[in-house]
Amino acid sequence: QVQLVESGGGLVQPGGSLTLSCATSGFTFSGAWMAWVRQAPGKGPEWVSLIKFDGTTIVYAQSVKGRFTLSRDNTKDTVYLQMANLQPEDTALYYCARDKSFGALDAWGQGTLVTVSS
């Protein structure tokens, strides 16, 4: 069974930082492109970032570029999302997902909530 479990969400003040983790199992993590997607309250999902299976290619949505850093540890089957200079508009449920092909996300975690508020 493919499993992705996000953690690390919580309440943070504007300008603060937070790091999310996604622990995976049930598939060959080292051969998978991985993505982060978020969904703000009352809005549809927004793609955030994507990383190649070996970490050599990383892309970001314009809205988070320069503030967020995506990384992975293939010895731990875990992907991370470091978030800095967080703003209220970053408030969302953050999901980790496996990218099957060019944005075809076929496996998702349950999400972890990030709330940015003073």
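Residues numbered from 1 in each chain as written. Predicted model: local features only at pLDDT ≥ 70, side-chain atom pairs only at ≥ 80, totals over all residues. Heavy atoms only, no water.

Caption draft 1: Spotlight on the sheet that holds strand 7 (residues 68-73). Strands sit in the order 1-3-8-7 across an open sheet of four strands; the sheet is antiparallel. Here the strands that pair on one side only, and so sit at the sheet edges, are strand 1 (3-7) and strand 7. Adjacent strand axes in the sheet meet at a mean angle of 15 degrees when their direction is disregarded. Note: strand 3 (residues 18-25) against strand 8 (residues 78-83), six bridges, orientation antiparallel. The residue of strand 8 that forms the bridge with Leu18 is Met83. (Pairing = 2+ DSSP bridges. Helix = DSSP H or I, 4+ residues; strand = E, 2+ residues; numbered from the N terminus. Axes fitted to C-alpha atoms, helices over the stretch in contact; angles between N-to-C directions.)

Caption draft 2: The arrangement of the pattern of salt bridges in detail. A full pass over the atoms with the stated rule returns four salt bridges. With a closest N to O distance of 2.9 Å, Arg38 and Asp90 form a salt bridge. Within this pair, whereas Arg38 is found in strand 4 (residues 33-39), its partner Asp90 is found in the loop between strand 8 and strand 9 (92-101), the two being separated by 52 residues in sequence. Exposure remark for Asp90: the relative accessible area of 0% places this residue in the buried category. The closest approach of N and O atoms between Arg98 and Asp106, which form a salt bridge, is 2.9 Å. On the accessibility criterion, Arg98 (19% relative accessible area) is buried. You can call Asp106 partly exposed: its relative accessible area is 39%. (Salt bridge = Lys/Arg side-chain N within 4 Å of Asp/Glu carboxyl O. Buried < 20%, exposed > 50% of the residue type's maximum accessible area, 1.4 Å probe, protein only.)

Caption draft 3: The arrangement of the side chain of Arg67 in detail. Mapped onto the elements of the fold, Arg67 is located in the loop between strand 6 (58-60) and strand 7. Classification of Arg67 by relative accessible area gives buried; the value is 17%.

Caption draft 4: Local environment of the pairing of strand 5 (residues 45-51). Across six bridges, the pairing between strand 4 and strand 5 is antiparallel. Paired with Arg38 across the strands is Glu46, a residue of strand 5. Between strand 4 and strand 5, which pair antiparallel in sequence order, lie five residues; one of them, Gly42, sits at a positive phi of approximately 75 degrees. Relative to strand 6, strand 5 runs antiparallel, the two sharing three bridges.

Caption draft 5: Representation of the state of the cysteines. The full count for this structure, using the stated rule, is one disulfide. Each sulfur in the disulfide pair Cys22 and Cys96 lies 2.3 Å from the other. Sign of the S-S torsion, about -85 degrees for the bond between Cys22 and Cys96, identifies this disulfide as left-handed. In this pair, Cys22 is assigned in strand 3 and Cys96 in strand 9, connecting sequence segments 74 residues apart. (Disulfide = S-S within 2.5 Å.)

Honestly, that's just the spatial picture; any functional story needs more than this.
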